[in-house]
Number of protein chains: 2
Amino acid sequence: MSQLTVVKIGGNVIDNPDALKRFLTAFATLPGDKILVHGGGKIATQVAEKLGVQTTMINGRRITDRPMLDVVVMVYGGLVNKQIVARLQALDVNAIGLTGADASTILAKKRPVKDIDYGFAGDIVEVDSGQIRFFLRQSLTPVYAPLTYDAEGTLLNTNADTMASAIAVDMSHHDAVTLVYCFEKKGVLAKPDDDNSVIPELTPTLYAEHKTAGTINKGMIPKLDNAFSALEKGVSRVIICHADELAQAVQQSAGTVLKK
Amino acid sequence: MSQLTVVKIGGNVIDNPDALKRFLTAFATLPGDKILVHGGGKIATQVAEKLGVQTTMINGRRITDRPMLDVVVMVYGGLVNKQIVARLQALDVNAIGLTGADASTILAKKRPVKDIDYGFAGDIVEVDSGQIRFFLRQSLTPVYAPLTYDAEGTLLNTNADTMASAIAVDMSHHDAVTLVYCFEKKGVLAKPDDDNSVIPELTPTLYAEHKTAGTINKGMIPKLDNAFSALEKGVSRVIICHADELAQAVQQSAGTVLKK
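Now for a quick tour of the structure. What you are looking at is a predicted structure, and each value in this text was computed from that prediction instead of being measured.

**A closer look at the overall build of chain A**
Part 1 of the argument: From N to C terminus, chain A includes 9 helices and 14 strands.
Part 2 of the argument: A compact globule built from 260 residues would reach a C-alpha radius of gyration of about 18 Å, and chain A, at 18 Å, matches this within 12%.
Part 3 of the argument: With the C-alpha coordinates of chain A rotated into their principal frame, the extents come out at 45 × 45 × 35 Å.
Part 4 of the argument: Relative to its full complement of 260 residues, chain A shows a buried share of 57%.
Part 5 of the argument: A separation of at least 24 residues holds for 68% of the contacts in chain A among residues at least 6 apart in sequence.
Part 6 of the argument: As displayed, chain A offers around 10,600 Å² of accessible surface, 48% of which is attributable to carbon and sulfur atoms.

Here you go:
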């Protein structure tokens, strides 16, 4: 059983060139096989604005109409993904930039319209972990943009947290997988306003208590639901940490570790 | 020795959704291993314009300053490349979209400034044909955007004709390679204004005669120089044909075949 680390970085790191540089340098030093999944950042919104494409968000999620799909494919799949790949190459990481469509690794379907029409948003159907493992065996480091595709050949915008979790779960059938969510806080906080109140270990019981107390709320809830679900489905370790503390968090000296 | 077909399509096909669909359908039916190299098309110029990035061309080549580099990475590496990959997947071709930076397959260096500063334009240094062959052995079909990178991790804009030729030459050390340039004419024309005057076989002697007579001129000259050079360096066959006649041209019933 191989050791594999799946790391997700969010938009706030991508929007900050210095933070991104620090993060990629730390990512490059991680031992063993690794996969990076990146979010989008504000660049897509800025590019959309300049191109006259309107950005609509509902419940914190982007509505991906056809013009917006073109923008996210350009920005996530092109600009952000390829810049990360080229920078990792300069750090001696043999990166390969992918979307779900590439090598048919992550098939999705367009989200059905219920109350809200999310447009070209993709819900993951299947991860081809065999194909991904084949890249890893060739000493390649997959770098995923948050894009998938459907059987008709349409590209779809996909939440990066969900994508990282789906990859980690599927890879965990053969490998011992650590899933790391890097973001702008030092971990899951016991007091939302106190950056030093990191909860070192979070169990489902403690999570439920914090939800009831309201100390864990908003955007953290879908993130943690995703994270606990990954743990339930076979991922060995899930860590939530600051992008600047990736290396320490993997060694369990920073961030929040989730426990079953 | 495996049979491999390297196909280059230009911007005019990419700019026309119907022509692109016909082309990809024909490409999907080609037997054996194949690699696609695509150009950019006018979308980059249109996106640049909307983003307020000025397009400067000197001798038919785009000057790639920093803002224009971002545009071509978005459009070539993102929009065009990923749309082609997703459509090929729907045609049962297991495509993988790449730039030279991905899996470090095509290293380049920034073109030195002599009379003209081309900006972030890349001259190819090395093709890792072993890595590309490894994708082919896994039944993957590489789809290259005309982008490379340098050792410092900077992405570079690279001419797609040159890229197709460099890949074909390097692959020819192990494989029997057919290199096909698809464009908007039915082949190399004996009379520039007569679309039916296709020269079925072009030798260096005949090429020299047509250059002297002025019947082969302008943009065809660098294209044919590139093509003859590939033949000299080990590519088995070079064909120049209309994008709509790819399948027939590979069977030598359409287009112009270059002969040593």
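**Remarks on the packing of aromatic side chains**
Part 1 of the argument: Under the definition given, this model contains 8 aromatic pairs over all chains.
Part 2 of the argument: Judged by centre distance (6.1 Å) and plane angle (25 degrees), the ring pair of Phe23(B) and Phe27(B) falls under stacked. With Phe23(B) and Phe27(B) both in helix α2 (residues 17-29) and 4 residues apart, the pair spans about one turn of that helix. The same class applies to Phe23(B) as to Phe27(B), namely buried.
Part 3 of the argument: Ring-pair connections join several aromatic residues into one group, and the members of that group are Phe134(A), Phe135(A), Phe134(B) and Phe135(B).
Part 4 of the argument: A cation sits over an aromatic face here: Lys34(A) above Phe27(A), 5.9 Å from the ring centre.
Part 5 of the argument: Positioned above the aromatic ring of Tyr118(B) is the side chain of Arg111(B), whose terminal nitrogen or guanidinium carbon lies 4.8 Å from the ring centre.

**Comments concerning the relation of the copies chain A and chain B**
Part 1 of the argument: For the match of chain A to chain B, the screw axis carries a shift of 0.0 Å, the RMSD comes to 0.0 Å, and the turn is 180 degrees. Accordingly, the operation relating the two chain copies is best matched by a two-fold axis. Closest approach to the rotation axis within chain A is made by the C-alpha atom of Gly78(A), at a distance of 1.8 Å.
Part 2 of the argument: The overlap is high: 100% of the interface residues of chain A also sit at the interface in chain B, so the same surface is used on both sides.

**Thoughts on the sheet that holds strand β8 (residues 141-144) of chain B**
Residue and element names in this part refer to chain B.
Part 1 of the argument: Strand order in the open sheet formed by 8 strands is β5-β8-β2-β1-β11-β13-β14-β12, and the pairing between neighbours is mixed. Looking at the sheet topology across the chains shown, the edges are occupied by β5 (95-98) and β12 (201-202).
Part 2 of the argument: Bridge analysis of strand β13 (residues 237-242) against strand β14 (residues 256-258) gives 3 bridges, and the strand direction is antiparallel. The residue bridging Ile239 from the neighbouring strand is Val257, located in β14.
Part 3 of the argument: On top of the sheet, α2 reaches β1 (3-9), β2 (33-38), β8 and β11 (176-183); it is set at about 155 degrees to β2, its chief contact.

**Examining the interface of chain A and chain B**
One frequently used descriptor of interface size is the decrease in accessible area upon assembly of the parts.
Part 1 of the argument: Listed per partner, the contact involves 37 residues of chain A and 37 residues of chain B.
Part 2 of the argument: Roughly 3,000 Å² is buried in total at the junction of chain A and chain B, and carbon and sulfur atoms are behind 67% of that figure.
Part 3 of the argument: For the interface between chain A and chain B, the tally reads 2 salt bridges.
Part 4 of the argument: A salt bridge links Asp102(A) to Lys82(B); the shortest N-O distance between them is 2.9 Å.
Part 5 of the argument: At the surface where chain A touches chain B, the tally comes to 10 residue pairs in polar contact (both at pLDDT 80 or more).

**So, the sheet that holds strand β1 (residues 3-9) of chain A**
Residues and elements named next belong to chain A.
Part 1 of the argument: With mixed pairing, 8 strands are arranged side by side in an open sheet as β5-β8-β2-β1-β11-β13-β14-β12. Strands with a single pairing partner mark the edges of an open sheet, and in this sheet they are β5 (95-98) and β12 (201-202).
Part 2 of the argument: Sheet analysis places strand β11 (residues 176-183) next to strand β13 (residues 237-242), joined by 6 bridges and oriented parallel. Among the inter-strand pairings, Tyr181 is bridged to a residue of β13, identified as Ile240.

**A look at the pairing of β5(B)**
Residues and elements named next belong to chain B.
Part 1 of the argument: Burial of the side chains of β5 extends over both faces: Ala95 and Gly97 are buried on one face and Ile96 and Leu98 on the other.
Part 2 of the argument: Of the strand pairs in this sheet, β5 and β8 are connected by 4 bridges, and their pairing is parallel. Bridge pairing in β8 places Gly97 opposite Val143.

**Brief notes about the pattern of salt bridges**
Close approach of charged atoms allows side chains with opposite charge to pair.
Residues and elements named next belong to chain A.
Part 1 of the argument: Summed over all chains, the structure comprises 14 salt bridges over all chains.
Part 2 of the argument: Across the pair Arg111 and Asp123 runs a salt bridge, and its minimum N-O distance is 3.0 Å. A residue pair is termed long-range when its members are at least 10 positions apart, and Arg111 in the loop between β6 (106-110) and β7 (122-127) and Asp123 in strand β7 qualify at 12 residues.
Part 3 of the argument: One continuous salt-bridge network, built from bridges that share partners, spans Lys8, Asp161 and Lys223.

**Let's talk about the nonpolar core**
Part 1 of the argument: One finds Phe23(A), Leu36(A), Val71(A), Leu246(A), Phe23(B), Val71(B) and Leu246(B) to be the most contacted residues of the largest nonpolar core, which totals 104 residues.
Part 2 of the argument: Residues within four places of Val71(A) in sequence aside, it is in contact with Ala44(A), Val47(A), Ala48(A), Leu51(A) and Val53(A).
Part 3 of the argument: Counting 84 residues, the second-largest nonpolar core is a separate cluster that includes Met163(A), Ala227(A), Phe135(B) and Ile216(B).

**Re helix α2 (residues 17-29) of chain A**
Part 1 of the argument: Its 13 residues place the ends of α2(A) 19 Å apart at the C-alpha level, agreeing with the 18 Å of an ideal helix rising 1.5 Å per residue.
Part 2 of the argument: With a side-chain oxygen lying 3.1 Å from the backbone nitrogen of Asp18(A), the N-terminal cap of α2(A) falls on Asn16(A).

**Description of the side chain of Thr99(A)**
Part 1 of the argument: Its place among the elements puts Thr99(A) in the loop between β5 and β6.
Part 2 of the argument: With a relative accessible area of 0%, Thr99(A) lands in the buried category.
Part 3 of the argument: Among all residues touching Thr99(A), those that are not within four sequence positions of it are Thr105(A), Tyr144(A), Ala145(A), Leu147(A) and Lys82(B).

**Digging into helix α8 (residues 220-232) of chain A**
Residues and elements named next belong to chain A.
Part 1 of the argument: Here α8 spans 18 Å end to end across 13 residues, near enough to the 18 Å set by a 1.5 Å rise per residue.
Part 2 of the argument: Within α8 the residues assigned to the buried category are Met220, Lys223, Leu224, Asn226, Ala227, Phe228, Ala230 and Leu231.
Part 3 of the argument: Two residues or fewer after α8 comes Gly234, characterised by a positive phi angle close to 125 degrees.

What counts and what doesn't
Residues numbered from 1 in each chain as written. Chains lettered and ligands numbered in written order. Predicted model: local features only at pLDDT ≥ 70, side-chain atom pairs only at ≥ 80, totals over all residues. Heavy atoms only, no water. Helix = DSSP H or I, 4+ residues; strand = E, 2+ residues; numbered from the N terminus. Rg over C-alpha atoms; globule rule 2.2 N^0.38 Å. Buried < 20%, exposed > 50% of the residue type's maximum accessible area, 1.4 Å probe, protein only. Contact = heavy atoms within 4.5 Å. Areas by Shrake-Rupley, 256 points an atom, 1.4 Å probe, with all protein chains shown as cover. Phe/Tyr/Trp six-rings, centres within 6.5 Å; stacked < 30°, edge-to-face > 60°. Lys NZ or Arg CZ within 6 Å of the ring centre and 35° of its normal. Least-squares fit on C-alpha atoms with pLDDT ≥ 70 in both. Pairing = 2+ DSSP bridges. Axes fitted to C-alpha atoms, helices over the stretch in contact; angles between N-to-C directions. Buried area = accessible area lost by both parts, 1.4 Å probe. Salt bridge = Lys/Arg side-chain N within 4 Å of Asp/Glu carboxyl O. Polar contact = N/O pair within 3.5 Å; in protein donor to acceptor, adjacent residues only side chain to side chain. Core = buried A, V, L, I, M, F, W, Y, C linked by side-chain atoms within 4.5 Å. Expected span 1.5 Å × (residues − 1).

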